Amino acid sequence: MKKPLLSNDEAVRDDKLAHPDNTKNNGDENGYVYAEQPLQRRIIYDCILYLLTNIFDCFFREIRSRGAFKVPKQGPIIFVAAPHAKQFVYPVILMGQVNKAVNKRVSFLIAEKSLRRRAVGFLARCVMSIGVVRAQDNLKLANGKITVDSENARRIIGHGTSFTKDCSPKGLIGLPKSMGTAEIQYIESDTVLIIRKEFKMAKTEVKNALLKGTSYKYADKVDQSQVYHHVFEHLAHNQCIGIF
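Now for a look at the structure at hand. (Residues numbered from 1 in each chain as written. Predicted model: local features only at pLDDT ≥ 70, side-chain atom pairs only at ≥ 80, totals over all residues. Heavy atoms only, no water.)

All right, on to the packing of helix 2 (residues 39-57) against helix 5 (residues 118-126) then. It is the contact of helix 2 with helix 5, at a shortest axis distance of 8 Å, that shows an interaxial angle of 120°. In terms of orientation, helix 2 and helix 5 fall into the oblique class. Two secondary-structure elements touch here, helix 2 through R41, I44, Y45 and I48 and helix 5 through L123, R125 and C126. Grouping the constituent residues of the contact of helix 2 with helix 5 by class yields 5 nonpolar, no polar and 2 charged. (Axes fitted to C-alpha atoms, helices over the stretch in contact; angles between N-to-C directions. Helix = DSSP H or I, 4+ residues; strand = E, 2+ residues; numbered from the N terminus. Parallel < 35°, antiparallel > 145°, perpendicular 65-115°, else oblique. Contact = heavy atoms within 4.5 Å. Nonpolar A, V, L, I, M, F, W, Y, C, P; charged D, E, K, R; others polar.)

Following this line, the structure appears as structure tokens:
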């Protein structure tokens, strides 16, 4: 019995399944391709780590890690450090301890907004950090004002708003002065939407603003697929990721 003919799309899919090596390796539809860090980048990483470690030694009598022998010396590793009070101190300490224990370099996930800063961004790029776009960094002032329903804290009422045009489900709305953010669950109309989790009404400033009426900011949901791909490719090449 003859095999039925395949359409062009089916033939392409069939060829990819039969010959996976012919597909584009280390890349995706967004064009990201993993590349091993050049020698000069690795030297810069080591020099900055050496400099910062020696500076910290002037302030800390001793820095010692417990259970360092448990860190695998081969294969990819994800380091998760929490909670952290000093955003730019603990990563350097972790980098130094990992270097002592297993002689590996750690690439930290860092907010894309921080990468745009002159000093912090320069150092972050030197130590091979991976930028992550956050929705809260994209918040922009929207039209109208909002209040909260007194009987349902998750129900947001708009005044002079156009929620159906300006907002979308899974988007983020934020209050001024960094008083809080909330994800939109669904939109009922131009003047009513439901958020997934209520704002922290226990704070007097937040409660007064939402009861009297306040301006608000909005940002679309961020597609993190490229970041995930970047991280997966990094781990697939036996590299280390740091998350704070």
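Our next topic: the pairing of strand 10 (residues 240-243). Taken together, the 4 bridges between strand 1 (residues 77-80) and strand 10 define a ladder with parallel strand orientation. Residue pairing across strands places I78 opposite I241, the latter belonging to strand 10. Where strand 2 (residues 106-111) lies against strand 10, 3 bridges are found, and the strand directions are parallel. Within strand 10, the position partnered with F108 by the bridge is G242. (Pairing = 2+ DSSP bridges.)

Our next topic: helix 3 (residues 90-102). The first and last C-alpha atoms of helix 3 sit 18 Å apart over 13 residues, in line with the 18 Å expected at 1.5 Å per residue. Buried residues of helix 3: P91, V92, L94, M95, G96, Q97, V98 and V102, and no others. Among the structural elements, helix 2, strand 1 and strand 2 are those in contact with the buried residues of helix 3. The first or second residue beyond helix 3 is N103, which carries a positive phi of 55°. (Expected span 1.5 Å × (residues − 1). Buried < 20%, exposed > 50% of the residue type's maximum accessible area, 1.4 Å probe, protein only.)

Attention now goes to the nonpolar core. I156, I173, F199 and Y216 are the most contacted members of the largest nonpolar core, which has 19 residues in total. Of all the secondary structure elements, the ones that give two or more residues to this core are strand 4 (140-148), strand 7 (181-187), strand 8 (192-195), helix 7 (204-212) and strand 9 (214-219). Setting aside chain neighbours within four positions, we find F199 in contact with I156, I173, L175, G180, T181, A182, V206 and L210. (Core = buried A, V, L, I, M, F, W, Y, C linked by side-chain atoms within 4.5 Å.)

Next up on the list: the pattern of salt bridges. Under the criterion given, the structure shown has 5 salt bridges. A salt bridge links D46 to R105; the nearest nitrogen and oxygen atoms lie 2.9 Å apart. Within this pair, whereas D46 is found in helix 2, its partner R105 is found in the loop between helix 3 and strand 2, the two being separated by 59 residues in sequence. In this structure, the salt-bridge partner of R155 is D149, at a minimum N-O distance of 3.1 Å. Judged by its relative accessible area of 26%, R155 falls in the partly exposed class. (Salt bridge = Lys/Arg side-chain N within 4 Å of Asp/Glu carboxyl O.)

Our next topic: unusual backbone geometry. Located in the positive-phi region is K170, a residue other than glycine, with phi close to 75°. For K170, the position within the fold is in the loop between helix 6 (163-166) and strand 6 (172-174). Judged by relative accessible area, which is 46%, K170 ranks as partly exposed. Phi at N238 takes a positive value of approximately 60°, unusual for a residue other than glycine. Relative to the elements of secondary structure, N238 occurs in the loop between helix 8 (225-236) and strand 10.

Moving on to the sheet that holds strand 3 (residues 130-132). The strand order 1-10-2-3 describes an open sheet built from 4 strands, whose pairing is parallel. Only two strands of the sheet have a single neighbouring strand rather than two, namely strand 1 and strand 3. Strand after strand, the sheet turns through a mean of 25° between neighbouring axes, direction not considered. Most of the contacts of helix 3 go to strand 2, to which it runs at about 165°, and overall it touches strand 1 and strand 2.

The topology assignment puts K217 in strand 9. For the pair K217 and Q136, spaced 81 residues apart in sequence, the C-alpha separation works out to 9.4 Å.

Read around the barrel, 6 strands follow the order 4-5-8-7-6-9 and close on themselves; strand pairing throughout is antiparallel. Here the strands of the sheet are splayed against their neighbours by 50° on average, with no regard to which way each runs. With 3 bridges connecting them, strand 7 and strand 8 associate as antiparallel partners. When the bridges of strand 8 are listed, I187 appears paired with L193. Where helix 7 meets the sheet, its contacts fall on strand 4 and strand 9, and the angle it forms with strand 4 comes to roughly 90°.

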